[in-house]
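What follows is each chain in one-letter form.
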Amino acid sequence: NQSSKQATNGSAFFVFIMIRTKHSFYLRIFALSIMLVITSHVYSTPVGNNGYFTIIDGIRYNVNTEDGVAGVTTWVEKPYSGNVSIPDTIKYKGYKYPITYIVDKSFYNCQNLKSIKLPKTIKKIGEGSFAHCTQLKEINIPDYVTEIEDSCFSGCTILSDIKLPPMLRTITSYCFRACTALES
């Protein structure tokens with residue numbers, strides 16, 4: 001596991017510093033500070049629950065092999081842009097996984113994203129998923145979406161029309177905050 005390896009390397013670094021500087025209080029405090037920074041970076045790196053990341057056609061997915069589902073996750077090298085279409089399923093290591101969720105902030109601040117077509121298999125759209133997508137004009141929310149989390153479309157200034165699905169049970173705060181063009 002990459003995270004475990006990084007955590008071990010960070011711990012080894014810390015022990016090395018402690019041995020080399022055991023008589024210097026200030027250097028030990030400095031080493032402890034570095035260790036905290038290293039471990040907070042390692043453990044805040046998203047790894048998913050029993051999941052793996054894969055990139056297919058420029059879209060990054062979190063594949064949860066235990067639950068047999070996948071979700072769209074944050075971009076890595078460059079923001080998503082243009083017209084994006086997410087498939088119903090992806091194939092990973094010979095198995096098909098339905099796309100059932102959009103991870104928090106997956107499309108956050110993708111300022112050149114114009115439209116997105118979500119698959120009918122989506123059930124949950126995470127917090128801030130499309131926030132500050134200032135060029136997002138069109139999005140379909142599939143019928144089986146039951147939850148749209150905080151600030152999901154906040155700051156989508158040219159989004160003018162959105163149809164809420166019949167299965168929607170939860171829509172949380174600030175979902176459409178600063179959507180100045182939203183009419184219906």
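Shown above is the structure to which this text applies.
Residues numbered from 1 in each chain as written. Predicted model: local features only at pLDDT ≥ 70, side-chain atom pairs only at ≥ 80, totals over all residues. Heavy atoms only, no water.

1. What to know about the overall build of the chain
The helix and strand tally for the chain stands at two helices and eleven strands. Counting across all 184 residues of the chain, residues that qualify as buried make up 36%. For the chain, contacts bridging at least 24 residues in sequence account for 35% of all contacts bridging at least 6. When the accessible surface of the chain is summed, it comes to about 11,100 Å², and 54% of that surface belongs to carbon and sulfur atoms. (Helix = DSSP H or I, 4+ residues; strand = E, 2+ residues; numbered from the N terminus. Buried < 20%, exposed > 50% of the residue type's maximum accessible area, 1.4 Å probe, protein only. Contact = heavy atoms within 4.5 Å. Areas by Shrake-Rupley, 256 points an atom, 1.4 Å probe, with all protein chains shown as cover.)

2. Examining the sheet that holds strand β7 (residues 113–117)
In space, the three strands of this open sheet follow the order β4-β7-β9, with parallel pairing throughout. Both edges of this open sheet fall to β4 (82–85) and β9 (138–140), since each of them pairs with a single strand only. Taking each pair of neighbouring strands and ignoring which way they run, the sheet shows an average axis angle of 15°. The pairing of β7 with β9 spans three bridges and is parallel. Across the sheet, the residue bridging to Lys117 is Asn140, located in β9. (Pairing = 2+ DSSP bridges. Axes fitted to C-alpha atoms, helices over the stretch in contact; angles between N-to-C directions.)

3. Notes on the layout of surface pockets
Taken as a whole, the largest pocket holds about 230 Å³ of empty space. What lines the largest pocket is a set of 13 residues, and nearest its centre among them are Ile55, Gly58, Ile59, Lys78 and Tyr80. A class-by-class count of the residues in the lining of the largest pocket yields seven nonpolar, two polar and four charged. (1 Å grid on protein atoms, 1.4 Å probe; cavity = no way out; pocket = protein on both sides within 12 Å on 5 of 7 lines; lining within 4 Å. Points joined across faces, edges and corners; volume = space filled by probe spheres on them. Nonpolar A, V, L, I, M, F, W, Y, C, P; charged D, E, K, R; others polar.)

4. Re the environment of Tyr61
Tracing the chain through its elements places Tyr61 in strand β2 (residues 59–64). Taking the C-alpha atoms as reference points, Tyr61 and Val103, 42 residues apart in sequence, are found 9.1 Å from one another.

5. Quick notes on the pairing of β7
In the sheet, β4 pairs with β7 via four bridges, with the strands oriented parallel. Each residue of the ladder has a partner; that of Gly82, found in β7, is Leu113.

6. Overview of the pairing of β2
One face of the sheet, then the other: side chains in a regular strand alternate in exactly this way. With six of six residues buried, β2 lies mostly within the body of the structure. Burial of β2 is two-sided: the residues Ile59, Tyr61 and Val63 facing one way and the residues Arg60, Asn62 and Asn64 facing the other way are all buried. As paired strands, strand β1 (residues 51–56) and β2 are joined by six bridges and run antiparallel to one another. Across the sheet, residue Gly51 finds its bridge partner in β2, namely Asn64. Count of turn residues in the β1/β2 antiparallel hairpin: two residues, of which Asp57 carries a positive phi of about 50°. The antiparallel pairing of β2 with strand β3 (residues 69–72) creates a hairpin that spans four residues between the two strands, and Gly68 there sits at a positive phi of about 75°.

7. Some remarks on the environment of Glu149
In this structure, Glu149 sits in the loop between β10 (147–148) and β11 (170–171). Sequence separation between Glu149 and Ile171 is 22 residues; the distance between their C-alpha atoms is 5.9 Å. Apart from the residues lying within four places of it in its own chain, the contact partners of Glu149 are Asp104, Lys124, Ile125, Gly126, Glu127, Thr172 and Cys175.

8. Focus on the nonpolar core
In this structure, Ile86, Phe107, Ile125, Phe130 and Phe153 are the most contacted members of the largest nonpolar core, which totals 35 residues. Those residues in contact with Ile86, other than ones at most four positions away along the chain, are Ile59, Tyr61, Val72, Ile99, Phe107, Ile116, Lys117, Leu118 and Pro119. (Core = buried A, V, L, I, M, F, W, Y, C linked by side-chain atoms within 4.5 Å.)

9. Considerations on the pattern of salt bridges
Working definition: two side chains of opposite charge can pair if their charged atoms are close together. Using the criterion set out here, one finds two salt bridges in the structure. Here Lys120 makes a salt bridge to Asp88, at a shortest N to O gap of 3.3 Å. Residue Lys120 is located in the loop between β7 and β8 (124–125), and its partner Asp88 is located in the loop between β4 and β5 (89–92); the two are separated by 32 residues in the primary sequence. Looking at Asp88, the relative accessible area reads 30%, which means it is partly exposed. Lys124 serves as the salt-bridge partner of Glu149, at 3.1 Å between the closest nitrogen and oxygen. Placement of Glu149 in the loop between β10 and β11 and of Lys124 in strand β8 is noted, with a sequence separation of 25 residues between them. Taking the relative accessible area as the measure of exposure, Glu149 reaches 15% and is therefore buried. Lys124 gets classed as partly exposed once you look at its relative accessible area, which sits at 32%. (Salt bridge = Lys/Arg side-chain N within 4 Å of Asp/Glu carboxyl O.)

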